[in-house]
Amino acid sequence: MLYQRSSALFAEAQKYIPGGVNSPVRAFKAVGGDPIFVKKAKGAYLYDEDGNKLIDYIASWGPLILGHAHEPVINAVIEKAKQGTSFGMPTEIETQLAQLAVSMVPNIDKIRFVNSGTEACMSAVRLARGYTGKDKIIKFAGCYHGHSDSFLIQAGSGAVTFGSPNSPGVTQGTAKDTLLATYNDIESVRALVAANKGEIATVIIEPVAGNMGCIVPSDDFIKGLRELCTQEGILLLFDEVMTGFRLGKGGAQEALGIDADIVCFGKVIGGGLPVGAFAAKNEIMSHLAPEGPVYQAGTLSGNPLAMAAGLAMLTELNSKPEVFESLAKKTAYLHEGLDAVLKGKDVPYRINRFGSMISVHFTEEGVVDFASSAKGNNETFKKYFHGMLEHGVYLPPSAFESYFLNDDLSYADIDETVNALKKVNL
Ligand code: KE4
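Just so we're clear, the structure is a prediction, and the values are computed from it rather than from any experiment. All residue numbers refer to position in the chain's written sequence, counted from 1. The predicted nature of this model means local features are confined to residues of pLDDT at least 70 and side-chain atom pairs, given and counted, to a pLDDT of 80 or more, with totals for whole chains, interfaces and linings taken over all residues. Side-chain figures throughout are based on the complete set of non-hydrogen atoms in the structure, without hydrogens or water.

1. Concerning the overall build of the protein chain
A run of H or I in DSSP becomes a helix once it reaches four residues, and a run of E becomes a strand once it reaches two; helices and strands are each numbered from the N terminus. Helix and strand counts for the protein chain come out as 15 helices and 14 strands. Based on C-alpha atoms, the radius of gyration is set beside the globule rule, defined as 2.2 Å times the residue count to the power 0.38. In summary, the protein chain has a C-alpha radius of gyration of 21 Å against a globular reference of 22 Å for 426 residues, a match within 12%. Think of it in three bands: with a 1.4 Å probe and only protein chains considered, a residue is buried below 20% of the maximum accessible area for its type, exposed above 50%, and partly exposed in between. Burial statistics for the protein chain: of 426 residues in total, 57% are counted as buried. Contacts were defined at the residue level, with two residues in contact if any of their heavy atoms lie within 4.5 Å. In the protein chain, the share of contacts with a sequence separation of at least 24, taken over all contacts with a separation of at least 6, comes to 72%.

Laid out in structure tokens, this is it:
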């Protein structure tokens, strides 16, 4: 594989953009080498600036669940753009997407659109604090909820690869209100609740984690969390930016059978354009401006083009729910294939999977939280990442990420992926 043009473009980008990228995880810092610059994408394939065709397992970090440049989404955006791009005034299509999302997701009455998952989670925490009148939040080491100050405390995803659990610029004043628990460890949550009785507004969690690699909550943990929040009057906030409209129409609430009090969305809900959202029952959402006192706003919130992409995406997912089963089966098939090849290689490994989220960890022990995920051998991971890339397979450039399958991936693509691994020396 040749990457000269990507490397040249990266050198140029670094003259004008910090680190040459607009989001750190794209910079390949965790795996080394220069990032790949993509020229275009269609279906399950990326076409980079050097003419290489790559099988894509990132799907833009989740949004493109039906594949790149999905016709109905593209056509919806083109048609909408002809009528103008942004008005700063309410439009009917915002209500159409809101109505559809509310009909698909259990346990919510209203939804507010914003422009990113970060904005959704940041705003949802402010709403939780405003509704409860309490200041503190609990998050879990390794979970990532975007780059809002309150969340950059032992965050996952790109923040981990920089070894900067607390990002500079986050004040102690902010950090003191963020309490840190251990994923899959309900006792760690109980201890924090006991030590901060009556002071905790919300527990925010990735209900199926994707920012430590993919980590599935144990039944006892997630049910215990729901029970604890209910008995203590703490709002349970599901950050479903990754899992929403990916694990099923009803996301993780439906897949796990757990009702959250507030739910955040991103990625799939925007169909590849910038959309985040947060939602809850009327009792909570009625506290949000302009109906209530909790302020939140955005010039491009509910942008018509983004709404058009999201509406096309969710309309198709709602009318063809069999796609979720199709994706889960393809992910299981990938799991079986990778497992069969890795068994024959002299490296310890674990594969975690839930629905169409999956990750490979080069470690002996089970990966159930941030600490066990961080024990993965990153040198082995780098060989794995670059080896697969050399053979035309594009995986997340960090061990602290989940793969996101898209339904344009064929079983032949998955066979090609598994065959590529056979040629990689770990
Ligand atoms: P954005 O602000 O990046 O749209 O969403 C933040 C966010 C919130 N919650 C969860 C569970 C998330 O996974 C994310 C963002 N995910 C990362 C991938 N791990 C986005 C990729 C990036 O940072 O460039």
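2. Examining the site of the ligand
Contacts to the ligand come from 17 residues, most closely from S23, T118, N211, D239 and E401. Under the rule applied, a polar contact is a pair of N or O atoms within 3.5 Å (in protein, one hydrogen donor and one hydrogen acceptor; residues adjacent in sequence only if both atoms are side-chain atoms). Interatomic distance of 3.3 Å between a backbone N/O atom of Y144 and a nitrogen atom of the ligand. Here K267 contributes a side-chain N or O atom positioned 3.0 Å from a nitrogen atom of the ligand. Only the protein chains shown count as cover for residues, and all accessible areas are computed by the Shrake-Rupley method using a 1.4 Å probe. Here the ligand, which alone exposes 540 Å², has 87% of that area covered by the protein. Gly is placed with the polar residues, together with every amino acid not listed as nonpolar (Ala, Val, Leu, Ile, Met, Phe, Trp, Tyr, Cys and Pro) or charged (Asp, Glu, Lys and Arg). Looking at side-chain class alone, the shell around the ligand contains 5 nonpolar, 8 polar and 4 charged residues. If a single non-hydrogen atom of a residue is within 4 Å of a molecule or strand, that residue counts as near it.

3. Structural notes on the sheet that holds strand β5 (residues 136-140)
Paired strands are those between which DSSP finds at least two bridges. Judged by pairing direction, the sheet is mixed, and its 7 strands sit side by side in the order β4-β10-β9-β8-β7-β5-β6 without closing on themselves. What marks the edges here is a single partner per strand, and that holds for β4 (110-114) and β6 (178-181). Neighbour to neighbour, the strand axes of the sheet diverge by 20 degrees on average, direction disregarded. With axes taken as lines fitted to C-alpha atoms, and helix axes fitted only over the stretch in contact, angles between N-to-C directions fall between 0 and 180 degrees.

4. Some words on the pattern of salt bridges
For this document, the term salt bridge refers to a Lys or Arg side-chain nitrogen within 4 Å of an Asp or Glu carboxyl oxygen. With the rule as written, the count across this model stands at 17 salt bridges. The salt bridge partner of R5 is E49, with a shortest N-O separation of 3.3 Å. You can see R5 sitting in helix α1 (residues 4-16) and its partner E49 sitting in the loop between β2 (45-48) and β3 (53-56), a full 44 residues away along the chain. The class for R5 is partly exposed, based on a relative accessible area of 43%. In this structure, D261 engages R226 in a salt bridge whose closest nitrogen and oxygen atoms are separated by 3.0 Å. Of the two residues, D261 is situated in the loop between α9 (251-256) and β9 (262-265) and R226 in helix α8 (residues 219-232); the sequence distance between them amounts to 35 residues. Comparing D261 with R226, the two get one shared label, buried. Several salt bridges share partner residues, and in doing so they unite R5, K39 and E49 into one network.

5. Focus on the packing of helix α12 (residues 322-343) against helix α15 (residues 411-422)
At a minimum axis distance of 9 Å, the contact between α12 and α15 shows a crossing angle of 20 degrees. Regarding the angle of α12 to α15, the classification is roughly parallel. The two elements α12 and α15 cross, and the hand of that crossing is right-handed. In this structure, α12 contributes K329, K330, Y333, L334, G337, L338, V341 and L342 to the contact, and α15 contributes Y411, I414, D415, T417, V418, L421 and K422. Should an angle fall under 35 degrees it is taken as roughly parallel, and over 145 as roughly antiparallel, whereas 65 to 115 is taken as roughly perpendicular and any remaining angle as oblique. By definition, any crossing whose near helix is turned counterclockwise from its far helix by less than a right angle is left-handed, and any crossing with a clockwise turn is right-handed.

6. A word on the side chain of E316
Along the chain, E316 falls in helix α11 (residues 304-319). When its relative accessible area of 14% is taken as the criterion, E316 is described as buried. Sequence-distant contacts of E316, that is, excluding residues within four places in its chain, are made with L66, H70 and P72.

7. A few points about the environment of L311
Tracing the sequence through the fold places L311 in helix α11. Considering only alpha carbons, one finds L311 and A98, 213 residues apart in sequence, at a separation of 8.9 Å. Discounting chain neighbours no more than four positions away, the residues touching L311 are I93, Q96, L97 and L100.

8. Focus: the environment of S116
By the secondary structure assignment, S116 is in the loop between β4 and α4 (117-132). Classification of S116 as partly exposed rests on a relative accessible area of 26%. C-alpha separation for the pair S116 and A101, spaced 15 residues apart in sequence, amounts to 16 Å. When sequence neighbours within four positions are dropped, the list of residues in contact with S116 reads V275 and G276. Reaching out from S116, the side chain makes a polar contact with the backbone nitrogen of T118 at a distance of 3.4 Å.

9. What to know about the pairing of β2
Side-chain alternation along β2 places L46 and D48 on a buried face and Y45 and Y47 on a face that remains uncovered. Here strand β1 (residues 38-42) hands over to β2 after 2 residues, with G43 in that stretch at a positive phi of 65 degrees. With 3 bridges joining them, β2 and β3 adopt antiparallel strand pairing. Within β3, the position partnered with Y47 by the bridge is K53. If you look at the hairpin formed by β2 and β3, you'll find 4 residues sitting between the two strands, and G51 has a positive phi there, around 85 degrees.

10. Observations concerning the sheet that holds strand β14 (residues 403-404)
Pairing is antiparallel in the open sheet, where 3 strands are placed in the order β11-β12-β14. Looking along the sheet, the strands with just one partner apiece sit at the ends: β11 (350-354) and β14. Pairing of strand β12 (residues 357-361) with β14 involves 2 bridges; the strand directions are antiparallel. Bridge pairing in β14 links M357 to F404. In the packing of α12 onto the sheet, the strands contacted are β11 and β12, and the crossing angle to β11 comes to about 175 degrees.

11. Focus: the packing of aromatic side chains
Ring geometry is summarised as follows: Phe, Tyr and Trp rings, the Trp one being its six-membered ring, pair when their centres sit within 6.5 Å, and such pairs are stacked at plane angles under 30 degrees, edge-to-face over 60 and tilted between the two. Enumeration over the complete set of coordinates arrives at 11 aromatic pairs. A ring pair is formed by Y183 and F221, whose centres lie 5.4 Å apart and whose planes are at 50 degrees; its orientation type is tilted. On the criterion of sequence distance, the pair formed by Y183 in the loop between β6 and α7 (186-195) and F221 in helix α8 is long-range, its members being 38 residues apart. For the pair formed by Y183 and F221, the shared burial category is buried. Taken together, a centroid distance of 5.2 Å and an interplanar angle of 75 degrees make the contact between F362 and Y384 edge-to-face. Remark: Y384 occurs in helix α14 (residues 378-390) and F362 occurs in the loop between β12 and α13 (370-374); sequence separation between them is 22 residues. Of the two residues examined, F362 and Y384, each falls in the buried class. A connected cluster of aromatic rings, assembled from ring pairs, spans F28, F385 and Y394. Note on geometry: a ring has a charge over it if NZ (lysine) or CZ (arginine) is within 6 Å of the ring centre and within 35 degrees of the ring normal. The lysine or arginine in question, K40, covers the ring of Y47, its NZ or CZ lying 5.5 Å from the ring centre.

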